[in-house]
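# Architecture at a glance
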Amino acid sequence: MDGTAPFAVYVHWPFCAQKCPYCDFNSHVRHGGWDEAAFLSAYLNELGRVRHRIGARRTHSVFIGGGTPSLMQPVTVGALLARIDALWPMEPGAEITIEANPGSVEADRFAGYRAAGVNRVSVGVQSLRDADLRTLGRIHSVAEARRAVDIAQRTFARTSFDLIYARPDQTVEAWEAELREALSIAGAHLSLYQLTIEPQTTFERLYMAGKLRVPDGDTSLALYELTQAMTEAAGLPAYEVSNHARPGEESRHNLVYWRYGEYAGVGPGAHGRIDVDGVRYATVTERSPEAWLGRVRDTKSALVENDAVGAREQADEMLLMGMRLSEGFDLARLGARGFQIASAVLDRMRDLGLVEPIGNARIRATPQGRLVLNRLVAELSAAMQET
């Protein structure tokens, strides 16, 4: 760790009002509520433990995700941010994001989050069609979503919202109309995700039982290509596979991930990549909120995985993340870790129209390459050699 690379903090809040049928995130419903004060105390202690381990940093960005972090009281968010700033002082202009659902209660807390130090909000709209919101298991309406986006844009200088497409029975024409509507109310950032059937979700069980129909491959491709064309034309090109922004409005926190920076993960099920005495560690915390709380209280650490990441694994992770970006992947960083990709394979991928060079030291996936990105990354990884 040279002290100059961006350092980010991810805080995972695990609770939701309802579990969505497509969601495989570490989110939990507790109808009896939760002891927010006890969880806050545990978060503060965990942040202190990480500080003791990694030492001094300056915070480039904070992302409070979940779950549904907007179920937290603003005073809780303020206490978390104050603790982070005390441990790792915030850089001037540090990006501080909270994820929020569009429910009326959460939206009414936006001013409190801003006063607590949040300067960016990401709203989980997911659809601008009430029938599809019901299919997705969302408990807000389109009217509530529009109200939340409007309040967010009036409260924060920087906002984003999410939509899911390639939804059950969705047509290209229907998505075109909905995306046009979304672009008309969007600010400077949109996250647009193709629905995937994730393991061990309600949607997977319905799909396997033949009770859920999703667009076929050709339709999914058409939906993706339409999404790229419309966002580009609207001035929000893709800077990452599923994320679109006006130039300069990219999510700075997520760029830390995709550029393979350093980030501490705190909270139930949080992942991190931290550097200690020249060694990079992959960390994972206990997923169950109550078990996490008990581990922090009883063992003083919620870590369940704390593995040193070898040079080859770092190179693979760096490649996997970097090839998602429109800015491309820095081959010089790979070289600094003692690896290179065989030039013959790079030439073949270029000749196939799957990758293109950017300057002398970067490559990126072409639009055609993005359609087969997983396979492309696998082939590049297989061609990686020690220098």
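These remarks concern the structure in this document. (Residues numbered from 1 in each chain as written. Predicted model: local features only at pLDDT ≥ 70, side-chain atom pairs only at ≥ 80, totals over all residues. Heavy atoms only, no water.)

### Topic: the packing of aromatic side chains
Overall, the coordinates contain 15 aromatic pairs when judged by the stated rule. Here the aromatic rings of Trp 13 and Trp 34 are separated by 5.9 Å at their centres, their planes lie at 75°, and the arrangement is edge-to-face. Residue Trp 13 is found in strand S1 (residues 7–13), and its partner Trp 34 is found in the loop between strand S3 (28–29) and helix H1 (36–54); the two are separated by 21 residues along the sequence. The exposure class assigned to Trp 34 is partly exposed, which follows from its relative accessible area of 26%. Here the aromatic rings of Phe 39 and Trp 292 are separated by 6.1 Å at their centres, their planes lie at 0°, and the arrangement is stacked. With a gap of 253 residues between them, Phe 39 in helix H1 and Trp 292 in helix H11 (residues 289–298) connect regions that are remote in the sequence. (Phe/Tyr/Trp six-rings, centres within 6.5 Å; stacked < 30°, edge-to-face > 60°. Helix = DSSP H or I, 4+ residues; strand = E, 2+ residues; numbered from the N terminus. Buried < 20%, exposed > 50% of the residue type's maximum accessible area, 1.4 Å probe, protein only.)

### Quick notes on the sheet that holds strand S17 (residues 355–358)
Strand order in this open sheet of three strands is S15-S18-S17, and the pairing throughout is antiparallel. Where the open sheet ends on each side, the last strands, each with one partner, are strand S15 (329–330) and S17. (Pairing = 2+ DSSP bridges.)

### Some points on the pairing of strand S6 (residues 120–126)
Summarising burial for S6: seven of the seven residues are buried, a large majority. Taking every second residue as pointing to the same face, both faces of S6 are buried, with Arg 120, Ser 122, Gly 124 and Gln 126 on one and Val 121, Val 123 and Val 125 on the other. Examined bridge by bridge, strand S5 (residues 90–100) and S6 share four bridges and lie parallel to one another. Bridge pairing links Glu 99 to Ser 122 in S6. As paired strands, S6 and strand S7 (residues 158–165) are joined by five bridges and run parallel to one another. Bridged to Arg 120 within S7 is Arg 158.

Any link to function would need more than the numbers given here.
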